[in-house]
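Below, each chain spelled out in residue letters.
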Amino acid sequence: MKVAEAVGRALYAAGVGQVFGVVGSGNFHLTNAMVAAGSRFVAARHEGGAATMADAYARMSGTVAALSVHQGPGLTNAMTGIAEAAKSRTPLLVLAAEVTEPRSNFYVDQEALARSVGAVSARVTSAEDAVTEALDAVRRAVCERRTVLLNLPLGVQALDVPDALAGESALAVVPPERAPVEPEFADVEALARVLEKSRRPVFVAGRGARSPGARDALVALAERHGALLATSAVARGLFHGDPWSLDVSGGFASPLAAELIQEADLIVGWGCALNMWTMRHGRLIGPDSTVVQVDDDTSALGAHREAHLGVTGDVELTARRALETHVANRQPQQGEQAQQGHRAQQRQQSRQGFRTADIGASIAARVRWRDVPYEDTSTRERIDPRTLSVALDDILPAERVIGVDSGNFMGYPSMYLSVPDENGLCFTQAFQSIGLGLATAIGAALARPDRLPVAALGDGGAMMGAAEFDTVRRLGLPMVVVVYNDDAYGAEVHHFGPDGHPLETVEFPSTDIAAVARGYGFEAVTVHTRADLKAVEDWLAGPRSAPLLVDAKVVADRGAWWLEEAFRGH
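If you're wondering where the values come from, they're calculated on a predicted model, not measured in any experiment. (Residues numbered from 1 in each chain as written. Predicted model: local features only at pLDDT ≥ 70, side-chain atom pairs only at ≥ 80, totals over all residues. Heavy atoms only, no water.)

Caption draft 1: Spotlight on the confidence of the model for the protein chain. Model confidence for the protein chain is summarised by a mean pLDDT of 92, while 93% of its residues fall at 70 or above. Counted against residues more than four places away or in other chains, residues 338-350, with its pLDDT under 50, gives six contacts. (pLDDT = per-residue confidence, 0-100. Contact = heavy atoms within 4.5 Å.)

What follows is the structure in structure tokens.
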């Protein structure tokens, strides 16, 4: 048995059941070995698309996924998607063939490429150690939540695995899941004391809180202390349906959400970086607010925002320990029941916190962006992106999974389209690259086949990733692709245009993206007005035998509300 086959069999046995990629000579045998063992392989049209599909699949499935690429250009083509995954700490295994002879035209320093974007590099070095080294890479991806590049030199792939080791490749031990980090008792006590003192607390949950167990623990703790609930963009939907949810904190926050967060006397980030996006460069933190951060990675504490208290611990465990500590502190001693009961009642009343009737009514009426009044600027030729998004929110089934590209438009689908839970929005925006949205939606769709997949793209990102229209059609995905088409790179238009700069470099002639999609086998509709969306309703009512693209000609006379916040970070 060759090393390529032994490694492929071992990776499948270790739980790597989903592979994306583009196959060339260098990764041909390895990829086929994984497929023969039982892994599902999805062939993308470009390695960049494959990388983002694998990233999105891992995020939405909660499992490690693999990306398989050719040596040299196969890897360089995938680097933007790998950078996004690495910056997002996605457990992803990149399987890259490698040439080691510097005179080869395929030679690049692949290890340096991985380091440059924050990924971890590993290598298969011998026939004797190949399986062990491959499993170590999987273990590191899972247990450290890292994107790991496993280099597979061509010469090593072709070696024979010793007979005594060949059978072990199919008996690989599945790497353990990352063990939850237990918080220190003293830190939990300190957190409980801070919560006790607070009268206007807000919890902001991030990537580290994206699980049902963490959600339930945070909801219970927030109820005890009268806290309002918010999320970062990547955790949107975690508190869907909770009457005290503010939805997303940061640049995407609605005016009411931003106002209430600014009034908080305590902000607790749960598995959340509290970075410039989530806290609007610190402007959502009031001058007298206490900031607490809970994360299972100590290096994340205070990395973006000074924290008055940092707790190293798993979000769910820490929230439950804090809840238990509060309960324990409230137990009356024998002979003190009446006095303690009176004090407990006073404490319970004082800790209604933000959860007053007036605030509850305001949240119900005004926290959603679609409930914020606006002047509809639609014309007979172009539709206001807010009007488009509200209409789509009403038309599309509630059980949906949305992938969003980057650009001026991105806040509209991200905030106007509701999601059922934390697995309803796949937000690949850590690197802010345009062109990842369609591939994101493909990976998310494969991870969540029970939901309608929706890709929300700008015209720039749609044209960048258009090759993957073929992948959508080939896989038979019943996807709705919505293109917010303003015939421009809108972020640059609205950022530089007001100062009188020439815009010819960022504006384009009108493109019939619906026609492009039909060429790939899509059904398609061009939308100028709300009435044109009847075609979407008809498609939903039909067999959905082909994917649907909506080429929405959107109003281009204004920048999105979050655009100013975005450019503050440049």
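Caption draft 2: Looking closely at the pattern of salt bridges. By the definition in use, this model includes 31 salt bridges. The residue Arg 115 makes a salt bridge to Glu 111 at a minimum N-O spacing of 3.5 Å. Note that Arg 115 and Glu 111 are positioned in helix H6 (residues 110-116) at a spacing of four residues, about one turn of the helix. For Glu 111, a relative accessible area of 31% gives the class partly exposed. A salt bridge links Asp 393 to Arg 400, with the shortest nitrogen-to-oxygen separation between them at 2.7 Å. Taken as a pair, Asp 393 and Arg 400 share a single burial class, namely buried. Each of Glu 98, Glu 111, Arg 115 and Arg 123 takes part in salt bridges that share partners, so that together they form one network. (Salt bridge = Lys/Arg side-chain N within 4 Å of Asp/Glu carboxyl O. Helix = DSSP H or I, 4+ residues; strand = E, 2+ residues; numbered from the N terminus. Buried < 20%, exposed > 50% of the residue type's maximum accessible area, 1.4 Å probe, protein only.)

Caption draft 3: Spotlight on the environment of Ala 192. Summarising the element assignment, Ala 192 is placed in helix H10 (residues 185-197). The sequence separation of Ala 192 and Ala 444 amounts to 252 residues, and the corresponding C-alpha distance is 37 Å.

Caption draft 4: Examining the environment of Phe 508 more closely. Among the structural elements, Phe 508 can be located in the loop between helix H21 (490-496) and helix H22 (513-519). In sequence terms Phe 508 and Ser 68 are 440 residues apart; their C-alpha atoms lie 35 Å from each other.

Caption draft 5: Expanded view of the packing of helix H3 (residues 47-61) against helix H18 (residues 437-447). One can describe the packing of H3 onto H18 by two numbers: an axis separation of 7 Å at closest approach and a directional angle of 40 degrees. Here H3 is positioned oblique relative to H18, judged by the angle of their axes. Crossing geometry of H3 relative to H18 is assigned as right-handed. Seen from H3, the contacting residues are Gly 49, Thr 52, Met 53, Ala 56, Tyr 57, Met 60 and Ser 61; seen from H18, they are Ala 439, Thr 440, Ile 442, Gly 443, Ala 444, Leu 446 and Ala 447. Tallied by class, residues from the contact of H3 with H18 come to nine nonpolar, five polar and no charged. (Axes fitted to C-alpha atoms, helices over the stretch in contact; angles between N-to-C directions. Parallel < 35°, antiparallel > 145°, perpendicular 65-115°, else oblique. Left-handed = near helix turned anticlockwise from the far one by under 90°. Nonpolar A, V, L, I, M, F, W, Y, C, P; charged D, E, K, R; others polar.)

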